[in-house]
Amino acid sequence: MKVAIVHDWLVNYGGAERVVEAFLSLYPTADIYTLVYDKKKMAKHFPSEKVHTSFVQKLPGATKLYTKFLSLMPKAFEQFDFSGYDLVLCSSSSCAKGVITPPDVPHIAYIHTPMRYAWDQFFAYREKSGRLTRFFMDKWMPQIRLWDFVSSQRIDSIICNSSYIKRRTEKYWARSDAKVIYPPVDTNRLTPNGKEAEDFYVVFSRFVSYKRIDLAIRACGKTGRKLVVIGSGSQEKELKALAKSYPHADITFTGRISDEEVKGYLQKMRALIFCAEEDFGIIPVEAQACGRPVIAFGKGGALETVIDGKTGVFFDEQTEESVIGALDRFEEQEKKGAFNASDIVAHAKTFSTERFCAQMKEHIESVLSDFAAGKASGSVLSGGKTC
């Protein structure tokens, strides 16, 4: 069977790219189509001979400035020709799901989210943008939204990475037929170390504003709790300056570190502090795979990955006071033995890569079977129909 895998862009390795890797494990001979591809960063995960890029790849600075080319993305993805393929699998949080497939070729789209900057996060993105960017957002976004809706109707089967995202596809695309399959987490690599937790907390994320790392810094800075901040990004100077404003606090920045070093911190920490409203959020599951609890903002994907009082605790508002209250509750429950490492690990394993691949394989085979039946009867499923 000839399979094509479509992904928004291959320029950094993260949770969405792990989904593409899992697709490749199911179909090792598949071709990959994407907007732009950074060979230096991504070749070890996705060999260049497998990757087909759009015309955007040829534009100056494309692998760094790709988000600036939003107005070109619909055309770029619609120009890919999937004649001769038996199956098209998309991994999309932007425009990849807008590819055009022949009527008899099933198109299954794994949706990380409908594009945030066009829908629910439009005003937040606009507020943080410069005058020129705001001008083009106001000019192009109505067309982008229309294309996003129309292109969603030609997907044969939608899979969402959480129930939280399923609600978005219902609201913005009027697609109530999506299935939920949680993304893959490497729970085999991430395991407990069998030792008692050390007295420090961890926040692990890209340093961008919506991750709200500042809340963890403020909460630990004010209360004197030890915090290790893992990661890097555009907010690095700002966050380090914030940490320095608490001269008596014990806040350490590690910068970018290896996966093994991250694993070491997750295994030893008291708990992970997770302040973002995420579509799914793989990091809380990774922490739980190491047997450690999570203190999370009680909105978004965390509500589906953390069990309050068993694998972690929630805070209700993105404020430092709310985080401090959650830290206090966590420590009270911890003293009473509420968080059992074995139970936490068992919960994390329900999000394993093996589980993801098995569920995806079952769903794909069901869609292929229905398409085969449609051919035999002289009809083919159309967009908007899912199995």
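The structure under discussion appears in the preceding block.
These numbers come from a predicted model, not from an experiment. Numbering of residues begins from 1 in every chain and follows the order in which that chain's sequence is written. In keeping with the model being predicted, local features are shown solely for residues with a pLDDT of at least 70 and side-chain atom pairs are shown and tallied solely at 80 or more, while totals for entire chains, interfaces and linings include all residues. By convention in this description, side-chain values take in all heavy atoms of the structure and omit both hydrogens and water.

1. As for the packing of helix α8 (residues 213–223) against helix α13 (residues 320–335)
Lines fitted to C-alpha atoms define the axes, with helix axes restricted to the stretch in contact, and inter-axis angles between N-to-C directions lie between 0 and 180 degrees. Helix and strand labels come from DSSP, where a helix needs a run of H or I of at least four residues and a strand needs a run of E of at least two; each type is numbered from the N terminus. Viewed as axis vectors pointing N to C, α8 and α13 meet at an angle of 65°, and their least axial separation amounts to 9 Å. Note on packing geometry: the crossing formed by α8 with α13 is right-handed. For the pair α8 and α13, the contacting residues are Leu215, Arg218, Ala219, Lys222 and Thr223 in the first and Glu320, Glu321, Val323, Ile324 and Leu327 in the second. Grouping the amino acids of the contact of α8 with α13 by side-chain chemistry returns five nonpolar, one polar and four charged. For any helix crossing, the convention is left-handed if the near helix is rotated counterclockwise from the far helix by under a right angle, and right-handed if that rotation is clockwise. Contacts are assigned to residue pairs with any non-hydrogen atoms lying within 4.5 Å of each other. For this classification, Asp, Glu, Lys and Arg are treated as charged, while Ala, Val, Leu, Ile, Met, Phe, Trp, Tyr, Cys and Pro are nonpolar and the rest, including Gly, are polar.

2. A short note on a positive patch on the surface
A residue counts toward a patch only above 30% relative accessible area and without a salt bridge, and it is joined to like-charged neighbours within 9 Å or, for Val, Leu, Ile, Met, Phe, Trp and Tyr, to nonpolar neighbours within 5 Å. Here the Shrake-Rupley method, with its probe set to 1.4 Å, supplies the accessible areas, and only the displayed protein chains count as covering residues. Each reported salt bridge corresponds to a side-chain nitrogen of Lys or Arg within 4 Å of a carboxyl oxygen of Asp or Glu. Positive: Lys, Arg. Negative: Asp, Glu. His and the chain ends are not part of the count. Just so you know, the charge point we use is NZ for Lys, CZ for Arg, CG for Asp and CD for Glu. On the surface, Lys40, Lys41, Lys64 and Arg256 cluster together into a patch of positive charge. Its place among the elements puts lysine 40 in helix α2 (residues 39–42). Overall, the relative accessible area of 84% leaves lysine 40 in the exposed class. Buried, partly exposed and exposed residues are distinguished by accessible area as a fraction of the type maximum, computed with a 1.4 Å probe on protein chains only: under 20%, between the cut-offs, and over 50%, respectively.

3. Observations regarding the environment of tyrosine 172
Following the sequence through the fold, tyrosine 172 ends up in helix α7 (residues 163–173). Note on tyrosine 172: relative accessible area 17%, which makes it buried. Spatially, the C-alpha atom of tyrosine 172 lies 7.1 Å from that of phenylalanine 149, the residues being 23 residues apart in sequence. Residue contacts for tyrosine 172: discarding those within four places in its chain leaves Trp119, Asp120 and Phe149.

4. Side note on the packing of aromatic side chains
Planes of paired rings set the category: under 30 degrees apart is stacked, over 60 is edge-to-face and the rest tilted, where pairs are Phe, Tyr or Trp rings (Trp by its six-membered ring) whose centres lie within 6.5 Å. With the rule as written, the count across this model stands at 17 aromatic pairs. Ring centres of phenylalanine 77 and phenylalanine 80 lie 6.0 Å apart, and the angle between their planes is 75°; this geometry places the pair in the edge-to-face category. Classification of phenylalanine 77 by relative accessible area gives buried; the value is 0%. Ring geometry for phenylalanine 82 and tyrosine 85: centres 6.0 Å apart, planes at 65°, overall edge-to-face. Relative accessible area serves as the criterion here: at 6%, tyrosine 85 is assigned to the buried category. Three or more aromatic residues joined by ring pairs form one cluster here, namely Tyr33, Phe77, Phe80, Phe82 and Tyr85. Above the plane of the ring of phenylalanine 55 lies lysine 75, whose end atom (NZ or CZ) is 5.8 Å from the centre. Definition used: whenever NZ (Lys) or CZ (Arg) falls within 6 Å of the ring centre and also within 35 degrees of the ring normal, the charge is taken to sit over that ring.

5. Digging into helix α6 (residues 131–152)
The span one expects for a helix is its residue count, reduced by one, times 1.5 Å. The terminal C-alpha atoms of α6, which comprises 22 residues, lie 30 Å apart, in line with the 32 Å expected from a rise of 1.5 Å per residue. The angle between axes fitted to the seven residues ending at a residue and the seven residues starting there is what we call the bend at that residue. Where α6 bends most, the angle comes to about 45°, and this point is tryptophan 140, followed within four residues by the proline proline 142. All of the buried residues in α6 are Met137, Met141, Ile144, Trp147, Asp148, Ser151 and Ser152.

6. Brief notes about α13
A rise of 1.5 Å per residue sets the reference length of α13, with its 16 residues, at 22 Å; its end C-alpha atoms lie 23 Å apart and thus fit the reference within 8%. Every buried residue of α13 is accounted for by Glu320, Ser322, Val323, Ile324, Ala326, Leu327, Phe330 and Glu331. Glycine 337 occupies a position one or two residues after α13 and carries a positive phi of about 75°.

Geometry only, nothing functional implied.
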